Amino acid sequence: MAGNLVNALADLKEEEAIKIVKDRLNANEDPLKILGDARKGMEIVGKRFADSEYFIPDLVYSGEILKVVSELVKPKMTKEADSKKLGKIVFGTVAGDIHDIGKDIVVFMLDVNGFEVIDLGVDVPVQKFVDKIKETGAPVVGLSGFLTLAFDSMKETIETVKSAGLRDKVKIMIGGGQISEEIKKYTGADAYGKDAMAAVTLAQGWIGGK
Amino acid sequence: MEKKWEELSPDERQEVLFERWLSPKDHEGNDLKFNSPEAEKAYKERVTRFKDAIQLKKLPDRVPVLPIVGFFYTFLAGFTPEEVMYDYEKAVSAARKYVLELEPDVHMGAIGPGPGKFFDILDYKLYAWPGHGVSPDHSYQCLEKEYMKADEYDALIQDPSNFYSNIYLPRIFGALQAFTAPSLTNVLEIFGLAFNFVPYGLPPVQAAYKALMEAGDEALKWAMAMGAFNEEMAAAGFPASAVGVAKAPFDTLGDTLRGTRGIMVDIYRQPDKVLKALEVLTPLMINTGAGAAKGAGLPIVFIPLHKGADGFLSDEQFKKFYWPTLRKLMMGLIDEGCVPFCFVEGSYNTRLKVIRDVPKGKTLWSFDTTDMAKAKEMLGDVACIGGNMPIDLLAVGTPEQVKDHAKKLIDTCGKGGGYIMVNGVALDEAKPENVKAMIDATKEYGVY
């Protein structure tokens, strides 16, 4: 049985996944174990995305299935899941830009690869990044942006991190729409990632977890 | 006797539309008076350059250059996006400065920013614009939501006009929340007829119609200013590029009806309904694009492509959900004599083999990050291509870097014609000297 949920999620079989979860809950199985299997399924989805077997619809749909599964399981949970994460990453779409799809994909991939992502959302004010870095002590920051206005916004964010005395405490990656090596130089970031997998590789290089 | 439009073949229709583009009329319908014989000559050369590049019949005199601009000229003229959205004269003067100083082969008028007051009157919800959800210094941005719910496919499929007017419009325009269009199919005989018109007596519905009329006044004011500008530029020798816009049915459904997440889940949960809805939207998109193009006498119909890019859909998903109705849209436009201009954002490396399936010399494709050598190889014999001048380079690079890239593009794609210099995605923040370098380099290196 246990293997079934992992595979049902990995293969995006929504009805099958829901049925397995309901059966296992009815059999009074530990909800945390069920969620653990769902999570393993999501890790396989992430891997397939990284290998270009899966594309954005598949990723989005897996997230929807997980949402349904979590809603079934959560009411039966007595304690929080024990989440041992590799390391923290503060992430957000920079000030002025309200695009979230690219950011959400990267956050998803970082999450299924074991990182604890603090997602600040979109149009994130410069100071909020600084405050969150201080508060969490995250060693990695990810700045996302789709529009060209993000070039200056990223630059300003990184400069503010610097003037807050935090620049040597964090590695900063940027990515999204029209971000390139040129823009990396322009903004003063440590690296730019072409896609969600590049972000995972960068985080693994900086934090570990490969 | 001249043949009627209905009797013309698609080829003949395209010739008619190019002829109308070559011989513009003024706002009274008379032949446009050019400022000088030189301006007239320059105008005709510019249009002919595009025609030759697109049709793949004759080698153009040189590579045409078509910058796709968003708020670029606003920044060039020292205005904020908010200023040009609320002051049409400022929008016009900024666009004028851009066209006359940088001299692109064709321009996009001053319509990009749009009329701010019109959006205010209708309380437009689909976009955040300068001063309304985004900073006065930044471009407008789409607010993606599920404006159409997952269980509303049947309503859209059964009666798209009714769905748009009575369900969609009230959601995207705050001032039209009580809007309801006449149910014309209820109008029968005399007995009970008047009941159908009761809604128009109700104050909230009347308020919605009042807002529509006010919005109409504002739209007209703006359109007059925009039309006058295009006429002024044409008289000075600078043709406008395109006013017609259409969208791939998958993008229409995925961008502004169901939203990205919505449509992506739908292709799993209710694929048949998605396919049916795409079919229903296709003729509507053809009418939108062809109607605007024929009205303005400009053959090019702009089609920004979004969700079919590499990585967005698998090959299989692209072939099943995206391409069939995009191709139908393009063929419908071609039948009407139009030139579909697909502005392909992101990369299309894995799609080139599929999109090759278009009639020769009828389409224009501009790419963003697609491998241009591959695009030329795969499409060069059937379609005019353009694009790939990177926006990051235009924003933070140097004029020398831009010139080098332009030269490289012309060397890679220019051979034998069928290439147009276009920037990869729309220009907002970019250095004026870099945009100038892109235009000048094309004129310098692009001569055949």
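### Focus: the packing of helix α17 (residues 399-413) of chain B against helix α18 (residues 432-445) of chain B
Residue and element names in this part refer to chain B.
For step 1, the next point in the chain: It is at 8 Å that the axes of α17 and α18 come closest, and there the two elements cross at 35°. Considering only the axes of α17 and α18, their crossing is right-handed. Touching Pro399, Val402, Lys403, Ala406, Lys407 and Ile410 of α17 are Glu433, Asn434, Ala437, Met438, Ala441, Thr442 and Tyr445, all from α18.
For step 2, the next point in the chain: Grouping the amino acids of the contact of α17 with α18 by side-chain chemistry returns eight nonpolar, two polar and three charged.

### Details of the nonpolar core
For step 1, the next point in the chain: By size, the foremost hydrophobic cluster in this structure holds 198 residues, and its most contacted members are Met109(A), Leu110(A), Val301(B), Phe341(B), Leu394(B), Met421(B) and Met438(B).
For step 2, the next point in the chain: Looking at which domains feed residues into this core, each of domain 1 (2-76) and domain 2 (88-207) of chain A supplies at least three.
For step 3, the next point in the chain: Discounting chain neighbours no more than four positions away, the residues touching Phe341(B) are Ala242(B), Ile300(B), Val301(B), Phe302(B), Ile303(B) and Leu364(B).

### A short note on the sheet that holds strand β3 (residues 141-142) of chain B
All names here are of chain B.
For step 1, the next point in the chain: Read across the open sheet, the three strands follow the order β2-β1-β3; overall the sheet is mixed. Edge positions in the open sheet fall to β2 (133-134) and β3, since each of these has one partner strand only.
For step 2, the next point in the chain: Strand direction decides the pairing type here: strand β1 (residues 127-130) and β2, joined by two bridges, are parallel. Each residue of the ladder has a partner; that of Pro130, found in β2, is Val134.

### Here we look at the domain arrangement of chain A
Many descriptions give the size of an interface as the accessible area lost when the pieces come together.
All names here are of chain A.
For step 1, the next point in the chain: In terms of domains, chain A is made up of domain 1 (2-76) and domain 2 (88-207).
For step 2, the next point in the chain: Domain 1 and domain 2 are separated by 28 Å when their C-alpha centres are compared.
For step 3, the next point in the chain: Counting residues at the interface gives eight residues for domain 1 and six residues for domain 2.
For step 4, the next point in the chain: Contributions of two or more residues to the side of domain 1 that touches domain 2 are made by α3 (31-50) and α4 (56-73).
For step 5, the next point in the chain: Ranked by residue count, the leading element in the side of domain 1 that touches domain 2 is α3, at five residues.
For step 6, the next point in the chain: Grouping the amino acids of the side of domain 1 that touches domain 2 by side-chain chemistry returns five nonpolar, two polar and one charged.

### Details of the interface of chain B and chain A
For step 1, the next point in the chain: Residue-level contacts link 26 residues of chain B with 19 residues of chain A.
For step 2, the next point in the chain: Elements represented by at least two residues in the side of chain B that touches chain A include exactly α11 (259-269) and α16 (391-396) of chain B.
For step 3, the next point in the chain: With six residues, α11(B) is the largest single contributor of residues to the side of chain B that touches chain A.
For step 4, the next point in the chain: In terms of residue class, the side of chain B that touches chain A is made up of 13 nonpolar, nine polar and four charged.

### A closer look at the environment of Thr442(B)
Residue and element names in this part refer to chain B.
For step 1, the next point in the chain: By secondary structure assignment, the location of Thr442 is in helix α18.
For step 2, the next point in the chain: For Thr442, a count of 29 C-beta atoms within 10 Å corresponds to the buried category.
For step 3, the next point in the chain: Each C-alpha atom of the pair Thr442 and Val65 lies 6.6 Å from the other, and the pair is 377 residues apart in sequence.
For step 4, the next point in the chain: When neighbours within four sequence positions are excluded, Thr442 is seen to be in contact with Val63, Val65, Ala406 and Met421.

### Brief notes about unusual backbone geometry
For step 1, the next point in the chain: Positive phi values are uncommon outside glycine, yet Leu12(A) reaches one of about 60°.
For step 2, the next point in the chain: A tally of 20 C-beta atoms within 10 Å means that Leu12(A) is categorised as buried.
For step 3, the next point in the chain: Even without a glycine there, the phi angle at Leu56(B) is positive, about 60°.
For step 4, the next point in the chain: With respect to the helices and strands, Leu56(B) occurs in the loop between α2 (37-55) and α3 (72-76).

### A look at the pairing of strand β4 (residues 171-175) of chain A
All names here are of chain A.
For step 1, the next point in the chain: Counting buried positions over the five residues of β4 gives five, a clear majority of the element.
For step 2, the next point in the chain: Side-chain alternation along β4 places Lys171, Met173 and Gly175 on one buried face and Ile172 and Ile174 on a second face that is also buried.
For step 3, the next point in the chain: By the bridge criterion, five bridges tie strand β3 (residues 140-144) to β4 in an arrangement that is parallel. Within β4, the position partnered with Val140 by the bridge is Lys171.
For step 4, the next point in the chain: Regarding topology, helix α7 (residues 149-163) serves as the crossover connection from β3 to the parallel β4, and that connection is right-handed.
For step 5, the next point in the chain: With three bridges connecting them, β4 and strand β5 (residues 191-193) associate as parallel partners. Bridged to Ile174 within β5 is Tyr192.
For step 6, the next point in the chain: Traced from β4 through helix α8 (residues 181-187) to β5, the parallel crossover comes out right-handed.

### A word on the sheet that holds strand β9 (residues 419-420) of chain B
Residue and element names in this part refer to chain B.
For step 1, the next point in the chain: Strand order across the open sheet formed by six strands is β4-β5-β6-β7-β8-β9, with parallel pairing between neighbours. The sheet terminates laterally at β4 (244-245) and β9, the two strands that pair on one side only.
For step 2, the next point in the chain: The pairing of β4 with strand β5 (residues 300-305) spans two bridges and is classified as parallel. Bridge pairing in β5 links Val245 to Phe302.

### Details of the pairing of β1(B)
For step 1, the next point in the chain: When β1(B) meets β3(B), the two strands line up antiparallel, connected through two bridges. Among the inter-strand pairings, Ala128(B) is bridged to a residue of β3(B), identified as Gln141(B).

Criteria and cut-off values
Residues numbered from 1 in each chain as written. Chains lettered and ligands numbered in written order. Predicted model: local features only at pLDDT ≥ 70, side-chain atom pairs only at ≥ 80, totals over all residues. Axes fitted to C-alpha atoms, helices over the stretch in contact; angles between N-to-C directions. Helix = DSSP H or I, 4+ residues; strand = E, 2+ residues; numbered from the N terminus. Left-handed = near helix turned anticlockwise from the far one by under 90°. Contact = placed C-beta atoms within 7 Å. Nonpolar A, V, L, I, M, F, W, Y, C, P; charged D, E, K, R; others polar. Core = buried A, V, L, I, M, F, W, Y, C linked by C-beta atoms within 7 Å. Buried ≥ 20, exposed ≤ 12 C-beta atoms within 10 Å, placed from the backbone. Domains from an automatic or database assignment. Pairing = 2+ DSSP bridges. Right-handed = clockwise from strand over helix to strand, strands pointing away.

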